[in-house]
Structure formats: C-alpha cells, structure tokens
Amino acid sequence: MPTPTLSDLRRYAVARSLFAPVSLPRALERLGFVQADPIRSPARAQDLTLRHRVKGYRAGDLERAYPRLAVEEDFFVNYGFVTRELHQRMHPRTAHHEWSAERWAQAQAVQQFVQARGEAHPREVDAHFAHGHTTNGFGGQSKASTQLLDAMHYRGLLRVSRREKGIRLYAAQTPLAAPDDVPSALDALVDVLVDKYAPLPYPGLRQLVAMLKHAVPQWQNPLRAALQRALQRLPQAPVEGVSWYWPAGEDPCSRRWSVPERARLLAPFDPVVWDRDRFERLWGWAYRFEAYTPPAQRVRGYYAMPLLWRDQVVGWGNVSNTDGRLCADMGYVNGQPPQEATFRVALAAELEAMAEFLGVPLG
C-alpha cells in the first residue's frame, strides 16, 4: 500500500463519511452513533448530519421515526443516538458517583412506577413522588425527579421510549449482562470510533479513546491498554509529521474514494468536521463553534456551518429560517468564493436542498 498524501487523506475523509444517501436505518447502522444537540439553527445537529446521508431526509425525521428504529438515546463519547448493538456493548454501566441507599430506594420506586405505566413523562413522575428541586450543573434549580430520571437513564435502568415536544419519555429497560471479555468489548467500541471518524491523526484517536470513560466508566482503567492495542492493530502511516489511522481493509489512496462536484453545508458536529485538530490539519484553517462565544467575539457567526466544496472546506454559512424563508449569509476563507461557474451552481443547489429539508422556500 502506498503512503497517502494529505490530499489523499482529505479525499478519503470526505468520501468515506459522506457516502451515497441510503435509508434512515441503514445510515444509522453505518454511522453507529449520531451526536445530538438541542440548538436549532436552522435545525438540530442530528438532522443536519443525517440530511446528507439519508434519501429524502427532512428535519425531525429521526425523532418521528425513533420509536420504530433499532436505536437508543444514550451517551457514547457525546450524547446522541446509538445503534442498539452499540448500546448493549456499553451496559450494564456503573456511574462515576455511587448512590446512597436512600437514592437507590428512590430509583427503584421510580423504576417500578414507570414499569407499571409502560411509559412515563417526567411531570408524571414528579407529580407522583414530589421529589422537590435541586441545584443543577449550571448552578440553577431543576426538578429533582428530572435529575433522577437522567441518572437512571445513564445507568441503564430506564430507556428513552420517544419524545413529546422535545421532552424525553421513559420506559423500563431490560437488564443487560456484562461481557465476559472486557478487552474485546473495548476494542469493539474503539472500532466504532475509528470507523466513524477515520482517518484519525494520533491526537484525535487518543482523545476519542479517552472520551470512552463517559461511555463505559466501569472500564476506565483499561482504556490506556485499549489505545495501545489500537495503535498496534490499525493500519497507519506518517503524513506531515503525525501518524494517521484508519480501519483495517481500507486504502486511503484507492480510487474508490471519489468526491462529487458538490457543495455541502456541514453541521458543527458532523463527522467530517467534529475533530477540530484533524480539521485544521486537513484544511489548513481553524474552525471553532461559536454559539457559546459572546457575540462581540464571534469571528464567523453563532452557528456557522463549514462549507465543503468537492474535498475542500472553502468557507462557512450562517443559515436561518427568517419569516418563513431560508436566508443564508456566506463567508469564505480566502475572502471570496471559488470562481468556477460550477461552484455557483453547486451552492445554489445546496441552498435549495437545505430549504427543502426545512420545508420552507428559499429567500
């Protein structure tokens, strides 16, 4: 296998992640994990990620179809939607913080309540148990029942059955057995990460494996050994001063990785752009998510989405649904858009596709 160049890695990264659109179940199976985010600008991150990979996808399709899909809301390296197979690999999960006997008694009572009802809304749990309020992680006040339900869901005592107006409804969870071979189970989790985010430079691979401590806190100590096994078994090559890794059986230099003449606006958490270090290595400029940056300090905008043209990220776009019409404010790394007529046609087609995805006319 020839040693790939940075150009090969760019083409490989784009082509393998932005595969030809398939059905929603098939796309979820291929991705393994889709990161979720509540910000809707102009749509939630999970919808913006799936629209490039699912035929005829419309904003909100994942939430509407969720009860019929073999997926679970759960925490992997971030919170999102995981395949049922991946969900089962992470449980039974032992949380970082141990519960007191009183807390366990509360959880068992809630679990029995939910199981008896079949499905429960958080307000029903709160009304029945009157757990009161508690301080949340942001220093504000939250209903104690909501925090308990979140913690029970994380531990695998409950599952999210569906959402109602964005609120999670819970159902009882079938207990899962711990794996007999923890190293093999961890290797399988690492493979999901590599398959989703490849090609990965060494810093990105190390970061993602470390982030598995949130997915499987019960196996935090063996994570270092899992990283070492990955470094030994995964194909790799040094490119411009750093080792890059990818799944076994793939060749980043292969002609199969072809990139179409398309422009695409990518979500800030899309697999192509999620790893900011990898992004800068591949495209030579730093992209930052600025939704939580004070407005006066923003460089590109509240929810600037990287703009991919062929296999180059040439700029970004802030897209909004304003007065029922799609509006787009574009910016470019070099100060101006690519001059090819084909780019203008491709960008127009992408904005039309975005408007159709949102169900609004193009402004």
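Heads up: the structure comes first, above all this text.
Just so you know, these numbers come straight off a predicted model, no measurement behind them.

1. Looking at the overall build of the protein chain
1) Next: Each helix and strand in the protein chain was counted, giving 13 helices and 14 strands.
2) Next: Its C-alpha radius of gyration of 22 Å places the protein chain within 12% of the 21 Å reference for a compact globule of 363 residues.
3) Next: Counting across all 363 residues of the protein chain, residues that qualify as buried make up 52%.
4) Next: Taking the intrachain contacts of the protein chain between residues at least 6 apart in sequence as the baseline, contacts between residues at least 24 apart amount to 63%.
5) Next: One way to put it: in the protein chain the 45 positive side-chain charges average out to a point 1 Å from where the 38 negative ones average out.

2. Comments concerning the nonpolar core
1) Next: The biggest cluster of nonpolar side chains holds 115 residues, and the ones touching the most others in it are Leu 50, Phe 76, Leu 189, Leu 205, Leu 212, Trp 283 and Met 354.
2) Next: Considering every element that reaches this core, the biggest residue donor is helix α13 (residues 341-358), with eight residues.
3) Next: The contact partners of Leu 205, leaving out residues within four places of it in the chain, are Val 194, Leu 200, Leu 227, Leu 231, Leu 234 and Tyr 245.

3. Section: the sheet that holds strand β2 (residues 71-75)
1) Next: The sheet built from three strands is open, its strands ordered β1-β3-β2 with antiparallel pairing. Each of the sheet's edge strands pairs with one partner strand only, and the pair in question is β1 (33-35) and β2. Put simply, the sheet's adjacent strands are angled 30 degrees from each other on average, direction ignored.
2) Next: As paired elements, β2 and strand β3 (residues 79-83) share five bridges and run antiparallel to each other. From the neighbouring strand, Val 71 faces β3, where its bridge partner is Thr 83.
3) Next: Packing against the sheet, helix α2 (residues 24-31) makes contact with β1, β2 and β3, and its axis sits at approximately 95 degrees to β1.

4. What about α13?
1) Next: With 18 residues, α13 extends 26 Å from end C-alpha to end C-alpha; this agrees with the ideal 26 Å at 1.5 Å per step.
2) Next: When we look at burial in α13, the residues that qualify are Phe 343, Ala 346, Leu 347, Glu 350, Leu 351, Met 354, Ala 355, Phe 357 and Leu 358.
3) Next: The inward-facing, buried residues of α13 abut α3 (45-50), β11 (263-265), β12 (305-309), β13 (312-322) and β14 (325-332).
4) Next: Positive phi appears at Gly 359, one or two residues downstream of α13, with a value of about 75 degrees.

5. Considering the sheet that holds strand β9 (residues 236-239)
1) Next: Taken in spatial order, the three strands line up as β8-β10-β9 in an open sheet, and their pairing is antiparallel. The two strands at the open ends of the sheet, each matched to only one other strand, are β8 (200-201) and β9.
2) Next: Inspection of the sheet shows β9 paired to strand β10 (residues 242-245) by four bridges, in the antiparallel sense. Bridged to Ala 237 within β10 is Trp 244.

6. Quick notes on the side chain of Glu 250
1) Next: Along the polypeptide, Glu 250 turns up in the loop between β10 and β11.
2) Next: Exposure remark for Glu 250: the relative accessible area of 14% places this residue in the buried category.
3) Next: When residues no more than four places from it in sequence are discounted, the contact partners of Glu 250 are Met 1, Tyr 12, Arg 16 and Trp 257.

7. Considerations on the packing of helix α6 (residues 101-117) against helix α7 (residues 122-129)
1) Next: Packing of α6 against α7 brings their axes to within 11 Å, and their N-to-C directions diverge by 125 degrees. Of the possible angle classes, the one that applies to α6 and α7 is oblique. Judged by the sense of rotation from one axis to the other, the crossing of α6 with α7 is right-handed. Facing Ala 109, Val 110, Phe 113 and Arg 117 of α6, the residues of α7 in contact are Glu 124, Val 125, His 128 and Phe 129.
2) Next: Partitioning the contact of α6 with α7 into residue classes produces five nonpolar, one polar and two charged.

8. Here's the deal with unusual backbone geometry
1) Next: In this chain, His 91 is followed by Pro 92 through a cis amide linkage whose omega measures 5 degrees.
2) Next: Of the consecutive residues Ala 198 and Pro 199, the connecting peptide bond is found in the cis state with omega at 0 degrees.
3) Next: Tracing the backbone shows Pro 199 in the loop between α9 (182-197) and β8.
4) Next: Backbone geometry places Glu 240, a non-glycine residue, at a positive phi of 50 degrees.

9. Structural notes on the environment of Leu 212
1) Next: By the secondary structure assignment, Leu 212 is in helix α10 (residues 202-215).
2) Next: Each C-alpha atom, one on Leu 212 and one on Val 273, is 19 Å from the other, the two residues being 61 residues apart in sequence.
3) Next: Every residue in contact with Leu 212, bar those within four places of it in the chain, is listed here: Phe 76, Val 77, Leu 189, Val 190, Leu 193 and Leu 223.

10. A short note on the pattern of salt bridges
1) Next: Applying the stated criterion across every chain yields a total of 24 salt bridges.
2) Next: For Glu 72, the salt bridge goes to Arg 84, with nearest N and O atoms at 3.2 Å. Residue Glu 72 is found in strand β2, and its partner Arg 84 is found in helix α5 (residues 84-89); the two are separated by 12 residues along the sequence.
3) Next: For Glu 72, a relative accessible area of 3% puts it in the buried group.
4) Next: A salt bridge links Asp 187 to Arg 229; its shortest N-O distance comes to 3.0 Å. With a gap of 42 residues between them, Asp 187 in helix α9 and Arg 229 in helix α11 (residues 223-233) connect regions that are remote in the sequence.

Calculation rules
- Residues numbered from 1 in each chain as written.
- Predicted model: local features only at pLDDT ≥ 70, side-chain atom pairs only at ≥ 80, totals over all residues.
- Heavy atoms only, no water.
- Helix = DSSP H or I, 4+ residues; strand = E, 2+ residues; numbered from the N terminus.
- Rg over C-alpha atoms; globule rule 2.2 N^0.38 Å.
- Buried < 20%, exposed > 50% of the residue type's maximum accessible area, 1.4 Å probe, protein only.
- Contact = heavy atoms within 4.5 Å.
- Lys, Arg positive; Asp, Glu negative; His and termini not counted.
- Charge placed at Lys NZ, Arg CZ, Asp CG, Glu CD.
- Core = buried A, V, L, I, M, F, W, Y, C linked by side-chain atoms within 4.5 Å.
- Pairing = 2+ DSSP bridges.
- Axes fitted to C-alpha atoms, helices over the stretch in contact; angles between N-to-C directions.
- Expected span 1.5 Å × (residues − 1).
- Parallel < 35°, antiparallel > 145°, perpendicular 65-115°, else oblique.
- Left-handed = near helix turned anticlockwise from the far one by under 90°.
- Nonpolar A, V, L, I, M, F, W, Y, C, P; charged D, E, K, R; others polar.
- Salt bridge = Lys/Arg side-chain N within 4 Å of Asp/Glu carboxyl O.

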